Amino acid sequence: MKIMVLGTNTASDYISQKLLEDDRVEKIYHFGAFYEKMPSDRYVPYDLDKNELVKFINNLKNDEIDLIIPTVLYFQLWVAFKEAVKRKKIPILMPFHNLGNLEWSKLQGKRLLSYLGIPTPEYQILNKYQLVNEFYKIPRPFVIKYEQDWKHGLQTIVITDDNVNFEYTKIADATASNYALTDKTKEPVFIIEQFVKGIREYSWHAICNSTGWKYLGTARDYKKRFDNDVGFNTAGMGSYSPVADVDPRINEYADSIVSFLKQKGTPYVGILYLGIMIDETGTPQVLEINTRFGSPEIESIIPTIETNLLDIFYSAAADQNIPDIKFNDRCGVSIRIVNKTYDESVLSKHKNFQRPVLWPTTGDIILSRGSKGKLLNSLVSVEDATIEAASDQLYNFLKNKIMGDFVYRKDIGYLK
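Residues numbered from 1 in each chain as written. Predicted model: local features only at pLDDT ≥ 70, side-chain atom pairs only at ≥ 80, totals over all residues. Heavy atoms only, no water.

Caption draft 1: Representation of the sheet that holds strand β8 (residues 189-194). The antiparallel open sheet is built from 4 strands, whose spatial order is β5-β8-β6-β7. Taken across any chain shown, the strands that pair with only one partner, and hence form the sheet edges, are β5 (123-127) and β7 (156-159). Here the strands of the sheet are splayed against their neighbours by 25° on average, with no regard to which way each runs. One ladder, built from 5 bridges, connects β5 with β8; its direction is antiparallel. Paired with Ile-125 across the bridge in β8 is Ile-191. Sheet strands in contact with helix α6 (residues 106-115) are β5, β6 (142-146) and β8, and its direction is about 150° off that of β5. (Pairing = 2+ DSSP bridges. Helix = DSSP H or I, 4+ residues; strand = E, 2+ residues; numbered from the N terminus. Axes fitted to C-alpha atoms, helices over the stretch in contact; angles between N-to-C directions. Contact = heavy atoms within 4.5 Å.)

Shown next, in the form of C-alpha cells:
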C-alpha cells in the first residue's frame, strides 16, 4: 500500500514511522517532512509546497496512492486540495463538507455543542470594539477564544489578575490582518467563555465514518509551558496514555455529534478529538471540538492500541466498517522539546538556534520532528508497562544530551 502523509508537525513524522513498521506499506510520501529526514526505498520526504502538492495529486495515475492521512487542520480548509482529492477518489482520513470549521471556527463548534445539549461552558460573542470596552468589567478569571484565527493552536487564553493588562493590550492591537488566514478584511471576533474550575482535563479521540465511530483512546495533555502546570498555554508540552476512569458519558456526546452530521447528509470521516474538562460536579464538559489528531496526544495513544493501525486508518478513510479497536496493557508517554524562547506566539524569534543533539535514539524510543520553518520542536515518545516507567526511559535518554537552545518539562507522566 502506498500512503501520503501530510503535515509539518511531529505527529506526521511519528505516524509515518509507525506505519513503516507494517510490511504491507510499500511507500510513504511525506509532504512537510523535517528537512533533515533522509529518503529511502520506502520513505520519500517532500518539503511542503501548496502548488507542488496539488500538482502532485492531479498528476497521479490510478492506484498510485491508496490512502492520504492529513495530520493538521489546514488541509481540511484548503478548497483546491479537497477538490483534487475528490476528483481522484483517493480514500482520505479527514472530514469534508466544511466540517473542519468545527475546529477552525470556535463559534461553530460551540453552537453545535449547545444545539445538541452537550455540556460546554457558557459563552457570549463580542466583537473587538465590544470586548475592549467590556474587558475590565468581566469577572475574572474568564476565558477568551479567538474566533477563526490561526495562533498555532493557542486561540484559548485564560484571563486572570496577573495577565489582564498584557492580554488587554494584545486584544486592543488585534486586527484580522494579524491573525486571520481567511478573510483579512474583517475585524476579529471573540468568544468570552465561563471559566470552569475542573478536577482534571484530557483529550478524547475517536475515528469515524458514515458507518459509525470507534473509540481510539484518551491522553492527558500537558498544556502549560512550565513544570507543575504553570505558565501560559502551549500547543502541548507532552502527554501520557491511557487515562484512568474515562467518563462513559463522552460516548453519548460522540454519538450525538456523529449521528447529527450523518442525518444532515454530511457524514464525518476522520479523527474526532474532544477536549474534555471534568468539572467540580463530576460532569464531563466539552471545551472544544478538534477535527484532527491531537499532538502530542496521538504519540502516546498509538502505543496503547493492539489493533493494526493501517487497518484502522484505511477502513475509516475508505468508508468501510471500522474494525473493533482493542487495547493492550502498555502505556505511552511523549515529551516535547522546544526552543527556550518559546512563548505565547509559538514562533521562534531567532533562526540560528543551536539544535539539540538527540541522535541516536535507544531501544523503543521514537524521535519525531516538526518541519523546518517557524515551529522549531521535536518530540520523544516511548511505551512501557507503566506511565512512570515510560517517563523514566525518556528522561534517562534526555539527561545527558546536548540540548543547545532547547528545553523540556521535567514532570511529564509524573504529574497526574
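Caption draft 2: Structural detail: the pairing of strand β17 (residues 366-369). What you see with β17 is no split at all: Ile-366 and Ser-368 on one side and Leu-367 and Arg-369 on the other are buried throughout. With 4 bridges connecting them, β17 and strand β18 (residues 377-384) associate as antiparallel partners. Within β18, the position partnered with Ile-366 by the bridge is Ser-381. (Buried < 20%, exposed > 50% of the residue type's maximum accessible area, 1.4 Å probe, protein only.)

Caption draft 3: Expanded view of the nonpolar core. Core analysis: the largest hydrophobic core is formed by 31 residues, its most contacted members being Ile-3, Leu-19, Leu-93, Ile-207 and Phe-313. Going through the elements one at a time, β1 (2-6), α1 (10-19), β4 (67-70), β10 (212-221), α11 (297-301) and α12 (309-317) are the ones with two or more residues in this core. When residues of this core are assigned to their parent elements, the largest contribution, 6 residues, is made by α12. Excluding residues within four positions of it along the chain, Ile-3 makes contact with Leu-19, Val-25, Lys-27, Ile-28, Tyr-29, Leu-67, Ile-69 and Leu-310. Among the nonpolar cores identified, the runner-up in size contains 25 residues, and Leu-112, Leu-113, Tyr-202 and Ile-289 belong to it. (Core = buried A, V, L, I, M, F, W, Y, C linked by side-chain atoms within 4.5 Å.)

Caption draft 4: Representation of unusual backbone geometry. Of note, the bond from Arg-140 into Pro-141 is cis; its omega dihedral lies within 30 degrees of zero at 0°. When you line up the elements, Pro-141 lands in the loop between α7 (128-134) and β6. Cis peptide bonds are those with omega within 30 degrees of zero, and the linkage from Ser-241 to Pro-242 qualifies with 5°. Here Pro-242 shows up in the loop between β13 (238-241) and α10 (249-263). Within the chain, Asn-98 stands out as a residue other than glycine whose phi angle is a positive 60°. Look at Asp-319: it is not a glycine, yet its phi comes out positive at around 60°. Looking at the secondary structure, you find Asp-319 in the loop between α12 and β16 (331-339).

Caption draft 5: Representation of the environment of Phe-293 in the model. Turning to its location among the elements, Phe-293 is positioned in the loop between β15 (284-290) and α11. C-alpha of Phe-293 to C-alpha of Tyr-273: the two residues are 20 residues apart in sequence and 6.9 Å apart in space.

Caption draft 6: Focus on the packing of aromatic side chains. Applying the stated criterion to the full structure yields 24 aromatic pairs. Ring geometry for Tyr-115 and Phe-260: centres 5.4 Å apart, planes at 50°, overall tilted. Of the two residues, Tyr-115 is situated in helix α6 and Phe-260 in helix α10; the sequence distance between them amounts to 145 residues. Residue class for Tyr-115 comes out exposed when judged on its relative accessible area of 61%. For the pair Tyr-136 and Tyr-168, a centre-to-centre distance of 5.1 Å together with 45° between the ring planes defines the contact as tilted. With Tyr-136 in the loop between α7 and β6 and Tyr-168 in helix α8 (residues 164-173), this pair connects stretches of sequence that are 32 residues apart. The exposure class of Tyr-136 is partly exposed, given its relative accessible area of 41%. By the ring-pair criterion, three or more aromatic residues cluster together here, those being Tyr-29, Phe-31, Tyr-46 and Phe-56. Looking at Lys-37, its charged tip hangs above the ring of Tyr-43, at a distance of 5.5 Å from the centre. (Phe/Tyr/Trp six-rings, centres within 6.5 Å; stacked < 30°, edge-to-face > 60°. Lys NZ or Arg CZ within 6 Å of the ring centre and 35° of its normal.)

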